Protein chains: 2
Amino acid sequence: MAEEVKLFGIRGSPFSHRIEIALKLKGVSYEYIEEDLQNKSPLLLKYNPVHKKIPVLLHNGKPIAESIVILEYIEETWKTNPILPADPYERAIARFWAKFLDDKCMLAAWNACWAKEKEREKAMEEASEGLKTLEGELKDKKFFGGDKVGMVDIVATFIAFWLTAVQEVVGADLLTPEKFPILFKWSEDLVGCPIIKENLPPRDLLTANFRARLESSK
Amino acid sequence: MAEEVKLFGIRGSPFSHRIEIALKLKGVSYEYIEEDLQNKSPLLLKYNPVHKKIPVLLHNGKPIAESIVILEYIEETWKTNPILPADPYERAIARFWAKFLDDKCMLAAWNACWAKEKEREKAMEEASEGLKTLEGELKDKKFFGGDKVGMVDIVATFIAFWLTAVQEVVGADLLTPEKFPILFKWSEDLVGCPIIKENLPPRDLLTANFRARLESSK
């Protein structure tokens, strides 16, 4: 029986991108369905009734939501090119950092670029603290996953690609080679990986969207 | 070689409790080390330098932090009495609900009891929405894990035990048999399970602590 794999996503979303990268790494064919967040499809609402958010992975008719939950499912379902280490302790460490990125870095980095005044300052501090912690974790590794891209790198792609794009538009300087040389080098290496590069949204489109957002917020 | 398993926790914490329950379910012997959050031990700061929080599990000298990450590690390390289903899809669903509980219910339920005025009202709405969603998920199952206690039940013990204690003290009525009959019945069944019951902190001590907190906030 042919497998049915569908992904409900948004092209510019780092969350959708996580799932696309994992599926591509595993060599899983899938149908991509673009959602419109202003007009969510009945299928998205049916498959993720709790959060009503992308990404949703549909595998043989069964829906899964929440990007890290989906990544774990993909890892357990398709064994080729593991994105988590085999050793339980190393897996725990990867899960710790994936959670850290989502809980401590993502919103802070976003608010450091977009929030107003005091909230922005506070977010800037938090985000910088998060990046500093990541810099310390990377140390002499090429990727968080070691020599190759793993789940933590996939989750962290928002720092390597989205954050560097948005900070350029709003004139923030969160991730710079001077402040975080190791993390900056990692971001270049990651975005340079063919599988990541080929599946990222066009950077020009992203910065154009961010510029429009900046203008409308003035 | 004898295994070394140590747990750094706080007796009254639902997060520590999660780890204790999982270890007991697996029949793993461990040394429990009580932390003082006003005066954190050098070992806690060493083993969880990022968050400086309990619980921390130390297994043969290697530290793991974040309660759900620890639960996954325990599940992968000690195979007896699984707390996650064997099927990858069912595992994904369990992970989805564990995340939902931590992200959408825990802080909201706490603030619904402790926050002031408008923030409290908002938290009350959010927490009620969360409990309603959980009521729908439980439906005709005895536990979230099916016939027996699983990871979602372990994570949700804060609702069954801590929330029912705190709402009694502050006079909130979040989880009542009238509002959420299925979830209320589940909470009684869960707290009645010997392995949960024997490892919970004394309810009197908990309510006394909450009463003192309430008095000092007036």
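The model shown is predicted, which means the values in this text are computed figures rather than measured ones. (Residues numbered from 1 in each chain as written. Chains lettered and ligands numbered in written order. Predicted model: local features only at pLDDT ≥ 70, side-chain atom pairs only at ≥ 80, totals over all residues. Heavy atoms only, no water.)

What to know about the sheet that holds strand β2 (residues 31-34) of chain A
Residues and elements named next belong to chain A.
In step 1: In space, the four strands of this open sheet follow the order β2-β1-β3-β4, with mixed pairing throughout. Each of the sheet's edge strands pairs with one partner strand only, and the pair in question is β2 and β4 (62-65). For this sheet, the mean angle separating the axes of adjacent strands, direction not counted, is 20°.
In step 2: Taken together, the four bridges between strand β1 (residues 5-9) and strand β3 (residues 56-59) define a ladder with antiparallel strand orientation. From the neighbouring strand, Val5 faces β3, where its bridge partner is His59.
In step 3: Running over the sheet, helix α1 (residues 14-26) touches β1, β2 and β3 and is turned about 155° from β1. (Pairing = 2+ DSSP bridges. Helix = DSSP H or I, 4+ residues; strand = E, 2+ residues; numbered from the N terminus. Axes fitted to C-alpha atoms, helices over the stretch in contact; angles between N-to-C directions. Contact = heavy atoms within 4.5 Å.)

Structural notes on the environment of Pro63 of chain A
In step 1: Note that Pro63 of chain A resides in strand β4.
In step 2: Setting aside its immediate chain neighbours within four residues, Pro63 of chain A contacts Tyr47, Val56, Leu57 and Leu58 of chain A together with Tyr89 and Ile93 of chain B.

A closer look at the packing of aromatic side chains
In step 1: Under the criterion given, the structure shown has 20 aromatic pairs over all chains.
In step 2: A centroid spacing of 5.7 Å and a plane angle of 55° characterise the contact between Phe8 of chain A and Tyr47 of chain A, whose relative ring orientation is tilted. Separated by 39 residues along the polypeptide, Phe8 of chain A in strand β1 and Tyr47 of chain A in helix α2 (residues 42-47) bring together distant segments of the chain.
In step 3: Members of the aromatic cluster, joined through ring pairs, are Tyr73 and Trp78 of chain A together with Tyr89 of chain B.
In step 4: The side chain of Arg213 of chain A reaches across the aromatic face of Trp114 of chain A, ending 4.5 Å from its centre.
In step 5: When the ring centre of Tyr32 of chain B is taken as origin, the NZ or CZ atom of Arg11 of chain B, which lies over that ring, is 3.9 Å away. (Phe/Tyr/Trp six-rings, centres within 6.5 Å; stacked < 30°, edge-to-face > 60°. Lys NZ or Arg CZ within 6 Å of the ring centre and 35° of its normal.)

A short note on the UniProt feature "domain: GST C-terminal" (unreviewed entry) in chain A
In step 1: Those places that UniProt annotates as "domain: GST C-terminal" (unreviewed entry) correspond, in this numbering, to residues 87-216 of chain A.
In step 2: Secondary structure across residues 87-216 of chain A divides into 76% helix and 0% strand, with the first and last C-alpha atoms of the span separated by 49 Å. (UniProt positions renumbered as here; feature names shortened; annotations may be inferred.)

Quick word on empty space enclosed by the protein
In step 1: With the rule as written, the count across this model stands at one cavity of 30 Å³ or more.
In step 2: In this structure, the largest cavity occupies an estimated 340 Å³ of space.
In step 3: Along the wall of the largest cavity there are 17 residues; nearest its centre are Ile68 and Lys99 of chain A together with Ile68, Val69 and Lys99 of chain B.
In step 4: Of all the secondary-structure elements, those providing two or more residues to the lining of the largest cavity are α3 (67-77) and α4 (88-114) of chain A together with α3 (67-77) and α4 (88-114) of chain B.
In step 5: When grouped by side-chain class, the residues that make up the lining of the largest cavity number seven nonpolar, no polar and 10 charged. (1 Å grid on protein atoms, 1.4 Å probe; cavity = no way out; pocket = protein on both sides within 12 Å on 5 of 7 lines; lining within 4 Å. Points joined across faces, edges and corners; volume = space filled by probe spheres on them. Nonpolar A, V, L, I, M, F, W, Y, C, P; charged D, E, K, R; others polar.)

Things to note about the relation of the copies chain B and chain A
In step 1: Of the transformation superimposing chain B on chain A, the axial component is 0.0 Å and the angular component is 180°, with the fit at an RMSD of 0.0 Å. Such values leave the two copies arranged in the relation of a two-fold axis. Among all C-alpha atoms of chain B, that of Asp103 of chain B lies closest to the rotation axis, at 4.9 Å.
In step 2: When the interface residues of chain B are mapped onto chain A, 100% of them are again interface residues, pointing to one common binding face. (Least-squares fit on C-alpha atoms with pLDDT ≥ 70 in both.)

Quick word on the interface of chain B and chain A
In step 1: Residue-level contacts link 25 residues of chain B with 25 residues of chain A.
In step 2: Of the roughly 2300 Å² buried at the junction of chain B and chain A (both faces included), carbon and sulfur atoms supply 68%.
In step 3: Sorting the residues of chain B by area buried against chain A places Glu76, Tyr89 and Phe96 of chain B first, and these three jointly supply 26% of that buried surface.
In step 4: On the surface where chain B and chain A come into contact, there are six salt bridges.
In step 5: Between Glu76 of chain A and Arg91 of chain B there is a salt bridge whose closest N-O contact spans 2.9 Å. (Buried area = accessible area lost by both parts, 1.4 Å probe. Salt bridge = Lys/Arg side-chain N within 4 Å of Asp/Glu carboxyl O.)

Quick notes on α4 of chain B
In step 1: Relative to the 39 Å expected for 27 residues at 1.5 Å per residue, α4 of chain B spans 38 Å between its end C-alpha atoms, a close match to the ideal helical length.
In step 2: The buried fraction of α4 of chain B amounts to 19 of the 27 residues, a majority that puts the element mostly inside the structure. (Expected span 1.5 Å × (residues − 1). Buried < 20%, exposed > 50% of the residue type's maximum accessible area, 1.4 Å probe, protein only.)

As for the environment of Asp153 of chain B
All names here are of chain B.
In step 1: Position of Asp153 among the secondary structure elements: in helix α6 (residues 151-170).
In step 2: A relative accessible area of 0% means that Asp153 is categorised as buried.
In step 3: For the pair Asp153 and Leu43, spaced 110 residues apart in the sequence, the C-alpha separation amounts to 30 Å.
In step 4: Each residue touching Asp153, except ones within four places of it in the same chain, is listed here: Phe143, Phe144, Gly145, Lys148, Trp186 and Leu190.
In step 5: At a separation of 2.9 Å, a polar atom in the side chain of Asp153 contacts the main-chain amide nitrogen of Phe144.
In step 6: Only 2.9 Å separates the side chain of Asp153 from the backbone nitrogen of Gly145, close enough to count as a polar contact. (Polar contact = N/O pair within 3.5 Å; in protein donor to acceptor, adjacent residues only side chain to side chain.)

Some points on the side chain of Ser187 of chain B
In step 1: Inspection of the secondary structure assignment puts Ser187 of chain B in helix α7 (residues 181-192).
In step 2: Look past the residues within four positions of Ser187 of chain B in its chain and what remains in contact with it is Ala160 and Leu175 of chain B.

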